[in-house]
Amino acid sequence: MEGQPPAGPAPLWHSKTTDQILKELGTGVNGLSSQEAAQRLERYGPNALTPPKKPGFFAKLWAQLNNVLIFILLAAAVVVAGLQEWIEFGLILAVVTINVLIGMVQEGKAEKAAEAIKAMLSASATVLRDGKRISIDADQLVPGDVVFIKSGDKVPADLRMLQVTNLQVQEAMLTGESMPVSKNLSPAPERAGLGDRKCLAYSATSVSSGQGLGVVVATGDAAEIGQINKMVSEVDNVKTNLLVQMEILGRWLAIVVVAIAVGAFLLALLRAKEPFVDAFESAVAIAVAMIPEGLPALVTIVLALGTKKMADHNAIIRQLPCVETLGSLTVICSDKTGTLTKNEMTAVAVQSAGARYSITGVGYEPKGSFTRDGQPVTAGDMSSVAALLEGCMLCNDSHLHQETMPDGRQAWLPNGAPTEVALITAGLKAGLKLDALTAAKPRIASVPFESEHKFMATVHQAGPPSSSGTGTSRRIMYVKGAPDRLLPMCSGQLAGNAGGSGSAAAAAAADLAPLDVEFWQRAQEELSSQGLRVLALCRGEVGPEEDLALLNPQALLQRPPSLAFVALIAILDPPREEAIEAVKVAHDAGITVKMITGDHALTGLAIGKMLGIAGNGSVITGPEIDDMDDTALRAVVNDCNIFARASPENKLRIVRALQTGPAYPGAMDGDDDDDDGPPPGKEDAAQQSNNTNMHSSRQPDKHASRGVAAAPVGDAVPVTLARGTATTLSSSGSMRDVRVDVDEDPEEQVGRQVVAMTGDGVNDAPALKAADIGVAMGITGTDVSKEAAKMVLADDNFATIVAAVREGRRVWDNLRKILLFNLPVNFAQGTSIFWAYVIGFHESPLTAIQVLYVNMVTAVTMGMALAAEPAEPNIMQRPPRRPGKRLLGKLILWRCCFVSVLIVVLVLGMYAWGGAEGRSIHRRRAEAFNTLVFSEIGYSITTRFVKASALHPRVFRGNWVMLASVCVTAALQVLLTFVPGLNWFFAMPEAMGGIQWVRVLVCMVVVFLVVEAEKALVDPVLMPIVRPVLDFAANHSPRFLWLPNPKRMMRRLRTRKEA
């Protein structure tokens, strides 16, 4: 309806004239009436963002309690409370409380990103109401309001500009464009990107200069920042494989614990003829013994130590479980500027009419030299080069100075536009002195750079009087800017390598030659084809009759061609040297590096080639992505590593396409027979997916860009799913195809790409949140991007990501070692009691207090030593870890069973030996307890190396924490055994005899040596026997035990069967 803001999809405000917009919005240049504004406020609501739904305290508490192991512990606590065993009750409750508190403290609060967006909004606005200029709260703005903005303001809503006066708006947080954008009134094409909609000013952006008048076209959630807020709220965090595997492990432990506890209860009741209460108490003791209460704390410690090491290398982890995910990365999608490159523009070449000079050196530090055809430039030629570059330093509003940093090193610090600073650096390399030059040729007039005109001009006083005889000093104009804008302003060019006669104040007649337009256009095209940004430099004389007060862009454009074309200067933001090396390390580790930049395609490709990630040389641009549906994008995303002119929406789609597209093309850690890849029911789908991809792809070269050709999709049917994304299901509709469903959480998909995405702007937040690892920039990043990300780079350096990947792999290795150590000990505790009843012992060899002590103190102490294990030497030569890889592979599961049986035999053997010697129950329990703990010590030392032998000098190197843990654990055992009061509390009021201590130490050595012998025999002898047994058990176990989210998965399967 005319006269009211249109409902439905947002109109293309940027493509319409001001008259059309005022008519559609039912307003005018004098704004709305107060009555109309009140009605619209009622209709559209306040200019505020919808707050995200926040879970309450009890919801967060339930999320931590909703764990099968916690339920078993709580049930055990209720039982022992009923039996009035208050000490055990208190200890079990303390265990539950500690684990819940750890979980709540470490929980990632996703709503913070939306809160950070809300904090960026303007608090007030200056509007026209009833024809009067008034100030109101920004949340009272409505579509159709006319708003004033000026330098220093935050734009209070999305505005279509009606009037502008030198208005520039900083939109980096939305568009990624680092320079302020000059606003105008001209409509933009319908398909123009955010950064090209010069007639719009967006809510929450900042006015850097000038002023303007605009009409509100969108408020609150309808504004551009509101759409981002909505995307951030709707994008689900990706659950890490560690959390998934811990859930699956918990289910299996719960079944094993309950089964053994029930069996022990029946044995105690029926065979040992114990009273019902005593039999039930024994069953509870077994359940408590077998549950690894200290495991959550150990996992948190391992992740926290990894976080600390990453922080030391400038990688700040915001969510602990993501430390482990870093070790699974298969793709890193990185910004170009400042992350892969130095963000220090560098002049790399100067093209004169007679020669092309290359410039060495990187960054702002003026260290480098000039070469011509690969040979150093002679001293005579350097004077010409310096003369060529005089204009670059004079026609310049930026500065470069040297300062002493707090650490004592000297650093060159820029002040101004990076491109201009690069020109100053080039002049300094040529031997020019900026202060001396500006003093000799002071500026007397200037035309500042404007994006509309693409050039800058300065006029300088240049010494002696002109030849006109008027006595006026010579005035020289330098102009720099886009070559296509400056060529029409020139009538000639400097001849050969001439830099100008004498002091280069002006070109003498002998130095000038006719303008060769084709030559300069070819040179520009050649340099641009290398991804270089090309600037032109011209100069000319300003006659005494010209009034400098009238100097402006229009006057220069209308001036007859009179300038001399001096040179082309090629500029590049060079790659970081450490990024080049980090890319090589990433390729060795099987990780693909993709560049996603807002820059031009040629520039992105040039940097990609320097970094070694360009692959087949293909580049996909943002508009091309916009033209693709999700199926088409998934078909090409793996085979292209350079994405240019990409928008934030493109980033999000690239992440989703990688996560749901063709599987990783090469072998992965977890593909071998014993380490386990996906759970049963998933292998076939994974194999089918991998085979399909491998038939149509090439094996990735470690030292080239990793990429895989698109999988064939000719017989696939695109399916739109709940999240608004698409996938392909084969026409067979078989249950195997379920595994590629996009609607499943990405972590449920087999062999998928695990993606890290970098970003720094508000607009990057959805992609950062959707990625497996969102990486925000610590220096240039906004608070919104940091809140949405899981990791923040304190130094904005790509090499830091690769270093974090190495640490993530170390963390995963150490987690497996901790499980390899922890589970046999817990099983040994519980099954010792179980087998005691089977054998016919009348008393339990271990008490509940002793078991809880081992779980919470000894296991944690020794586990911390394994958490501190250094990375293995070949850790970055291994391929990425397969998504869904189990924490417990066949080898580790076998060793857990083997060591558990070994420790049970020793514990029960020492307990029985003491009984045969006629020792009291207290001495026998003391010996069994110490046998258990010292066996743990021996086993922990050999666990440092899963397959390598610990009978080697390396066992004494690399981990001093292990030695400290052994000493502390042994000392505590001595205290608990001999200190009065303590030994009573732990059911050992009678001290052990000397022969008992000898037997305990012998047991420790036996465990160490037997496990070392098992390592030598496991691959050639044991695993060929054990593997089929474990495969049979896995293939015939209930499927829901292996699924990350069994309820949701079963619901999906039923739905598909019905369909």
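Residues numbered from 1 in each chain as written. Predicted model: local features only at pLDDT ≥ 70, side-chain atom pairs only at ≥ 80, totals over all residues. Heavy atoms only, no water.

### Points about the packing of helix H28 (residues 798-839) against helix H31 (residues 921-943)
Here is step 1 of the chain: Interhelical geometry of H28 versus H31 gives an angle of 160° and a closest axis separation of 10 Å. Taken as axis vectors, H28 and H31 run roughly antiparallel relative to one another. Considering the relative orientation of H28 and H31, their crossing is right-handed. When H28 is examined against H31, the residues Lys817, Leu820, Phe821, Pro824, Val825, Ala828 and Gln829 are found in contact with a partner set consisting of Leu932, Glu936, Tyr939, Ser940 and Thr943.
Here is step 2 of the chain: Classifying every residue of the contact of H28 with H31 by side-chain character gives seven nonpolar, three polar and two charged. (Axes fitted to C-alpha atoms, helices over the stretch in contact; angles between N-to-C directions. Helix = DSSP H or I, 4+ residues; strand = E, 2+ residues; numbered from the N terminus. Parallel < 35°, antiparallel > 145°, perpendicular 65-115°, else oblique. Left-handed = near helix turned anticlockwise from the far one by under 90°. Contact = heavy atoms within 4.5 Å. Nonpolar A, V, L, I, M, F, W, Y, C, P; charged D, E, K, R; others polar.)

### Notes on the environment of Val857
Here is step 1 of the chain: Tracing the backbone shows Val857 in helix H29 (residues 848-867).
Here is step 2 of the chain: C-alpha of Val857 to C-alpha of Thr969: the two residues are 112 residues apart in sequence and 8.7 Å apart in space.
Here is step 3 of the chain: Not counting chain neighbours up to four residues away, the residues in contact with Val857 comprise Leu852 and Leu972.

### Observations concerning the pairing of strand S1 (residues 124-129)
Here is step 1 of the chain: Two elements, S1 and strand S2 (residues 132-137), share six bridges in a ladder whose sense is antiparallel. Bridge pairing in S2 links Ser124 to Asp137.
Here is step 2 of the chain: Hairpin connection between S1 and S2: a loop of two residues separates the two successive antiparallel strands, and Asp130 in this loop has a positive phi of roughly 55°.
Here is step 3 of the chain: With three bridges joining them, S1 and strand S3 (residues 146-150) adopt antiparallel strand pairing. Each residue of the ladder has a partner; that of Thr126, found in S3, is Phe148. (Pairing = 2+ DSSP bridges.)

### What to know about the nonpolar core
Here is step 1 of the chain: Counting residues in each nonpolar core, the largest one holds 145 residues, and the members touching the most others are Met791 and Phe798.
Here is step 2 of the chain: For this core, the element with the most residues is H28, which contributes 20 residues.
Here is step 3 of the chain: Non-local contacts of Met791, meaning those with residues more than four positions away in its chain, are made with Ala315, Ile316, Ile317, Leu326, Ile773, Gly774, Val775, Ala776, Ile801 and Ala804.
Here is step 4 of the chain: By size, the runner-up hydrophobic cluster in this structure holds 47 residues, among which are Leu128, Leu174, Ala770 and Ala789. (Core = buried A, V, L, I, M, F, W, Y, C linked by side-chain atoms within 4.5 Å. Buried < 20%, exposed > 50% of the residue type's maximum accessible area, 1.4 Å probe, protein only.)

### As for the sheet that holds strand S29 (residues 773-777)
Here is step 1 of the chain: Taken together, the eight strands give an open sheet; going across it, the order is S8-S30-S29-S28-S9-S23-S25-S24, and neighbouring strands pair in mixed fashion. Looking at which strands have only one partner, the edges of the open sheet turn out to be strand S8 (315-317) and strand S24 (619-621). Averaged over all neighbouring strand pairs, the angle between strand axes comes to 20°, with direction disregarded.
Here is step 2 of the chain: Inspection of the sheet shows S29 paired to strand S30 (residues 791-793) by three bridges, in the parallel sense. Each bridged residue has a counterpart across the sheet, and for Val775 the counterpart in S30 is Met791.
Here is step 3 of the chain: Contacts from helix H24 (residues 648-660) reach strand S9 (331-334), strand S23 (592-596), strand S25 (642-644) and strand S28 (755-759), with the element oriented near 170° to S28.

### Some points on the state of the cysteines
Here is step 1 of the chain: Within this structure, the stated rule accounts for zero disulfides.
Here is step 2 of the chain: Cys538 provides the cysteine sulfur closest to Cys490, a residue in no disulfide bond, and the two sulfurs are 3.4 Å apart.
Here is step 3 of the chain: Residue Cys490 is classed as buried on the basis of its relative accessible area of 6%. (Disulfide = S-S within 2.5 Å.)

### Some words on unusual backbone geometry
Here is step 1 of the chain: Of note, the phi angle at Asp130 is positive, near 55°, even though the residue is not glycine.
Here is step 2 of the chain: A relative accessible area of 45% places Asp130 in the partly exposed class.
Here is step 3 of the chain: With a phi angle near 50°, Arg645 is a residue other than glycine that sits in the positive phi range.
Here is step 4 of the chain: Inspection of the secondary structure assignment puts Arg645 in the loop between S25 and H24.
Here is step 5 of the chain: Residue Arg645 is classed as partly exposed on the basis of its relative accessible area, which comes to 39%.

### Remarks on the environment of Ile801
Here is step 1 of the chain: Mapping Ile801 onto the fold places it in helix H28.
Here is step 2 of the chain: Each C-alpha atom of the pair Ile801 and Ala579 lies 9.8 Å from the other, and the pair is 222 residues apart in sequence.
Here is step 3 of the chain: For Ile801, the residues in contact, after removing those within four places along its chain, are Ile332, Thr758, Val775, Met791 and Leu793.

### A few points about the pattern of salt bridges
Here is step 1 of the chain: Evaluation of the coordinates by the stated rule reveals 27 salt bridges.
Here is step 2 of the chain: With its nearest N and O atoms 3.4 Å apart, the salt bridge here joins Arg923 to Glu990. With a gap of 67 residues between them, Arg923 in helix H31 and Glu990 in the loop between helix H33 (982-985) and helix H34 (994-1035) connect regions that are remote in the sequence.
Here is step 3 of the chain: With relative accessibility at 27%, the residue Arg923 sits in the partly exposed group. (Salt bridge = Lys/Arg side-chain N within 4 Å of Asp/Glu carboxyl O.)

### Focus: the packing of aromatic side chains
Two numbers describe a pair of aromatic rings. These are the distance of the centres and the angle of the planes.
Here is step 1 of the chain: Enumeration according to the criterion identifies 12 aromatic pairs in this entry.
Here is step 2 of the chain: Ring plane angle 75° and centroid distance 5.0 Å describe the contact between Phe519 and Trp520, whose orientation is recorded as edge-to-face. A single burial state applies to Phe519 and to Trp520, both of which are buried.
Here is step 3 of the chain: Centroid distance Trp520 to Phe565: 4.5 Å. Interplanar angle 35°. Geometry classified as tilted. Here the residue Trp520 occupies a position in helix H18 (residues 517-528), and Phe565 occupies one in strand S22 (residues 563-572), the gap between them amounting to 45 residues. With respect to class, Trp520 is no different from Phe565; both count as buried. (Phe/Tyr/Trp six-rings, centres within 6.5 Å; stacked < 30°, edge-to-face > 60°.)

### A look at the side chain of Ser965
Here is step 1 of the chain: Turning to its location among the elements, Ser965 is positioned in helix H32 (residues 960-978).
Here is step 2 of the chain: Among the polar contacts made by the side chain of Ser965, one reaches the main-chain carbonyl oxygen of Thr861 at a distance of 3.2 Å.
Here is step 3 of the chain: When neighbours within four sequence positions are excluded, Ser965 is seen to be in contact with Thr861, Met862 and Ala865. (Polar contact = N/O pair within 3.5 Å; in protein donor to acceptor, adjacent residues only side chain to side chain.)

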